[in-house]
Amino acid sequence: MFKYLPLWANILLGMGLAIALAVAALTYNNLHDIDRLTAQAEREQLALYADSLQAEIASETRLAAAMSTLVANLPDIQSHFAAGDRAWLRAALEPAYRKLHADYGVVQFQFHTPPATSMLRLHMPERHGDDLSGFRHSVVDTNREREPQRGLEVGVANLGARGIVPVAWQGRHVGSVEFGMAFGADFFATFKQHHGVDAALHLARADGLRTFAGTFGAQPLLDDSRLRAALAGTPQLVHARLGTTPVAVYASAVTDYSGTPIGVIELVRDRSAALAAIAASTREAWLVAALVAGLSLVLTLLTARALERRIRRLAGGIKQIAAGDLSHEIAIDGRDELAALGHDGERMRRHLHGLVGEVEQDARAVDEAAREIAGAVEGQAATSSEMSASIAEITSTMEELSASSTQIAEYSGSVAEIAKRTYDDSLQGAESMQQLAAQMEEIRRDNQHALAEIVALGHKSKEISKVMEIIDTVADQTKLIAFNAALEASSAGEAGKRFGVVAAEIRRLADSVTDSTSEISNKVIEIQDAINRLVINSEKGSQGIAEGLEASSRSSEILRSLVEAAGETTSSAQQISLSTQQQKTASNQVVVALREIVTASADTAQSVQRIAQVAQQMTQLSTNLGQRVDRFELGAAPAADTRDPA
């Protein structure tokens, strides 16, 4: 696109794009830094608010611990607590608790006996004696370690800011006293009133984070993953909207009295003013960028037009040289790169002036030499043409001889190839017959083995028959015993009926065995008949296999003789083919040599002709060169250049 524009437009466009990109990049980077610094300032400020909220919670717990310490160190309180005098403690301290509850936000005033049994609740005097050790770990720790504990903890009345101090009487630990400060929606409303920031506390439960108290609704603004990250110790800052108001939301973990995270504090601050300031800064930044870019473009345009004028003057001098006018000097001004280019152009003009004069003289000398070369070459070209024709006739005769040798070599090669295939086929036939003989031998061995197995099977079937005879004898004896038993049972009267039933069953079983052995004997006889037939057939097959094996051996001997004869034939054919190939090679070498001589003589003739043509061309070129040199206007010889090229 730039090559169709004037030089000043190219410079203006290139510099303009560079300036626009630079200004846009700087402006964008500055605006990005403003956004980053604004977010960092929001994070730091909200972190300070979170620290202030934690400090106010700590202040509440310190106040509770201070009041607990005061009560725990009163001798009358110590003595009556040690004696378990609930009535005296209630009568003495209940008026003070009501005053503290009304004026200072005290919501709990309680005494515990070790490890964590409620002895007196001044805020709920009717409830006492219940064991709190399952969930009031701060009370257990105070009575076990006998050290004060203060901080947040979940109790019967939900989360509270507590201060617990051990109580001793005459060197003996008797329990602990606790004050709990109001901690809920009023606490966060007061914090918002003092600092202008919405706040909420979300407690960690088994099923997730649940809102304990706050000033902006019953649901957190951050998602569950960010709340859990804050609970794990990584504060979170997110930009969101509360209704239609843009806000910055900051979340950090809050811990109980032992330092264990129990929930997340979520602080919300309106960032409308910050966004308005960022928008105003953005508008001002882009306005300044536009002014800077415009001023830069004006300066670039003035510089480009001045540079263009100098280049045009330099181009005018070079154009004269291109037109062949070497008589005028190139205009040079300044000491920059363009001035150096002008000096170089002037030196080129002076050099061309001298070079054209020398070429004009040399062109005349070349023209005379070319004419002499053309005359000498014409005679040499005629001699080369005659020698090339003679060699071509000899080459034609040798090519015919080579063709005859090639045909003989091809025929002898075919004979050798046929003899080789015959030898290979005979060799394969011999190998096949050997394999057939080996397979027949293997079949004979398998048949002998099968025959032996069949005979062994016949012996085993005879042994089965003997066993069946023994079983029949046992069954007959069993039937006889059963018959005798039945007789004895019938003579025994009523007492022998059951024995008679058993004897009948035994006899029935013996009958079944007899029937089964009879069937088995029949099957064994059938098996023995089949085995006898198999033995007869196997013996016939063995005889046939032996005859086939003998025939295979005779065929193998015949094929071996054929292989030996084919091998001798192949050797003879290969010797004949080798001799004809050698004759063919020799003929081809002679033909190749003659062709090379023909080619060389033709190339020589062509070279001579080409030299003649070149000589003619040199003559023409020298004439043309003289005409072109005459186009240059030299004028007077230029003086030596002594100016500083810088």
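What you see is a predicted model, and the numbers here were worked out from it, not measured in a lab.

Visitor: I keep staring at the overall build of the protein chain and nothing clicks. Help me out?
Guide: Within the protein chain, the secondary structure is distributed over 9 helices and 10 strands. For the protein chain, restricting intrachain contacts to residue pairs at least 6 apart in sequence, the fraction spanning at least 24 positions comes to 66%. Accessible area for the protein chain stands at about 38,300 Å²; split by element, carbon and sulfur atoms hold 58% of it.

Visitor: Looking at this structure, how should I read the side chain of His112?
Guide: With respect to the secondary-structure elements, His112 resides in strand S1 (residues 106-113). A distance of 3.1 Å separates the side chain of His112 from the side chain of Glu178, its partner in a polar contact. Leaving out residues up to four positions away in the same chain, His112 has contacts with Phe81, Thr117, Met119, Leu132, Val139, Val174, Gly175, Ser176 and Glu178.

Visitor: Any chance you could explain the layout of surface pockets here in plain terms?
Guide: Left-over empty space is what a probe sized like a water molecule reveals as it rolls over the atoms. In this structure, the largest pocket spans a volume of roughly 230 Å³. Only helix H1 (7-72) and helix H5 (185-195) provide two or more residues apiece to the lining of the largest pocket. When residues in the lining of the largest pocket are grouped by element, the largest group, 4 residues, is from H5. Among the residues forming the lining of the largest pocket, the class breakdown is 4 nonpolar, 4 polar and 3 charged.

Visitor: Is there a simple way to think about the environment of Asp476 in this case?
Guide: Here Asp476 shows up in helix H8 (residues 337-491). The class for Asp476 is partly exposed, based on a relative accessible area of 42%. As a C-alpha pair, Asp476 and Thr514 span 38 residues in sequence and 7.9 Å in three-dimensional space.

Visitor: Would you mind showing me how to read the pairing of strand S6 (residues 198-205) here?
Guide: Taken residue by residue, a regular strand's side chains alternate between the two faces of the sheet. Taking burial as the measure, the 8 residues of S6 include 6 buried ones, the bulk of the element. Inspection of the sheet shows S6 paired to strand S10 (residues 261-270) by 6 bridges, in the antiparallel sense. When the bridges of S10 are listed, Leu201 appears paired with Ile265. Bridging between S6 and strand S7 (residues 208-214) involves 6 bridges; their strand directions are antiparallel. Residue pairing across strands places Arg205 opposite Gly208, the latter belonging to S7. Taking the residues between adjacent antiparallel strands as the criterion, S6 and S7 are bridged by 2 residues.

Visitor: Even after reading the chapter, I still don't get the sheet that holds strand S5 (residues 172-181), so can you show me in this structure?
Guide: The strands making up a sheet associate through backbone hydrogen bonding, with each pair oriented either parallel or antiparallel. Taken together, 5 strands build an open sheet; the order of strands is S2-S1-S5-S4-S3 and the sheet is antiparallel. The outermost strands of the open sheet, each flanked by one partner alone, are strand S2 (117-121) and strand S3 (149-155). Neighbour to neighbour, the strand axes of the sheet diverge by 35 degrees on average, direction disregarded. Alignment of strand S4 (residues 158-169) against S5, held across 9 bridges, turns out to be antiparallel. The residue of S5 that forms the bridge with Val167 is Gly175. The sheet strands contacting helix H3 (residues 86-104) are S1, S2 and S5, and the helix crosses S1 at an angle near 155 degrees.

Visitor: What's the story with a nonpolar patch on the surface in this structure? I'm lost.
Guide: Residues Leu295, Val298, Leu299 and Leu302 make up a contiguous nonpolar surface patch of roughly 410 Å² in combined accessible area. For Leu299, the location among the structural elements is in helix H7 (residues 272-322).

Visitor: Just to check I follow, could you spell out unusual backbone geometry for this structure?
Guide: Leaving glycine out, the prevailing phi sign among residues is negative, and the prevailing peptide bond configuration is trans. The amide bond that connects Pro114 to the next residue, Pro115, takes the cis arrangement and shows omega of -5 degrees. Its place among the elements puts Pro115 in the loop between S1 and S2. Even without glycine at this site, Arg146 takes up a positive phi of about 55 degrees. Note that Arg146 resides in the loop between helix H4 (137-145) and S3. The class for Arg146 is exposed, based on a relative accessible area of 53%.

Visitor: Even after reading the chapter, I still don't get H5, so can you show me in this structure?
Guide: Since the α-helix turns once every 3.6 residues, residues separated by three or four places project in the same direction. Where H5 is concerned, the buried positions are Phe187, Phe188 and Phe191. The buried residues of H5 occupy an angular sector of 90 degrees when the element is viewed end-on, so they sit on one face. In H5, those exposed residues whose orientation departs by more than 90 degrees from the buried face are Asp186 and Gln193. Positioned one or two residues after H5, Gly196 has a phi angle of 75 degrees, which is positive.

Visitor: Even after reading the chapter, I still don't get the sheet that holds S6, so can you show me in this structure?
Guide: With respect to topology, 5 strands assemble into an open sheet ordered S7-S6-S10-S9-S8, the strand pairing being antiparallel. Two strands lie at the open edges of the sheet, namely S7 and strand S8 (236-242), each paired on one side alone. Within this sheet the neighbouring strands show an average axis-to-axis angle of 30 degrees, counted without direction. Across the sheet, H5 lies against S6, S7 and S10, angled at about 145 degrees from S6, the strand it touches most.

Cut-offs and rules
Residues numbered from 1 in each chain as written. Predicted model: local features only at pLDDT ≥ 70, side-chain atom pairs only at ≥ 80, totals over all residues. Heavy atoms only, no water. Helix = DSSP H or I, 4+ residues; strand = E, 2+ residues; numbered from the N terminus. Contact = heavy atoms within 4.5 Å. Areas by Shrake-Rupley, 256 points an atom, 1.4 Å probe, with all protein chains shown as cover. Polar contact = N/O pair within 3.5 Å; in protein donor to acceptor, adjacent residues only side chain to side chain. 1 Å grid on protein atoms, 1.4 Å probe; cavity = no way out; pocket = protein on both sides within 12 Å on 5 of 7 lines; lining within 4 Å. Points joined across faces, edges and corners; volume = space filled by probe spheres on them. Nonpolar A, V, L, I, M, F, W, Y, C, P; charged D, E, K, R; others polar. Buried < 20%, exposed > 50% of the residue type's maximum accessible area, 1.4 Å probe, protein only. Pairing = 2+ DSSP bridges. Axes fitted to C-alpha atoms, helices over the stretch in contact; angles between N-to-C directions. Patch = residues over 30% accessible without salt bridge, like charges linked within 9 Å, V, L, I, M, F, W, Y side chains within 5 Å. Salt bridge = Lys/Arg side-chain N within 4 Å of Asp/Glu carboxyl O. Arc of directions from axis to C-beta.

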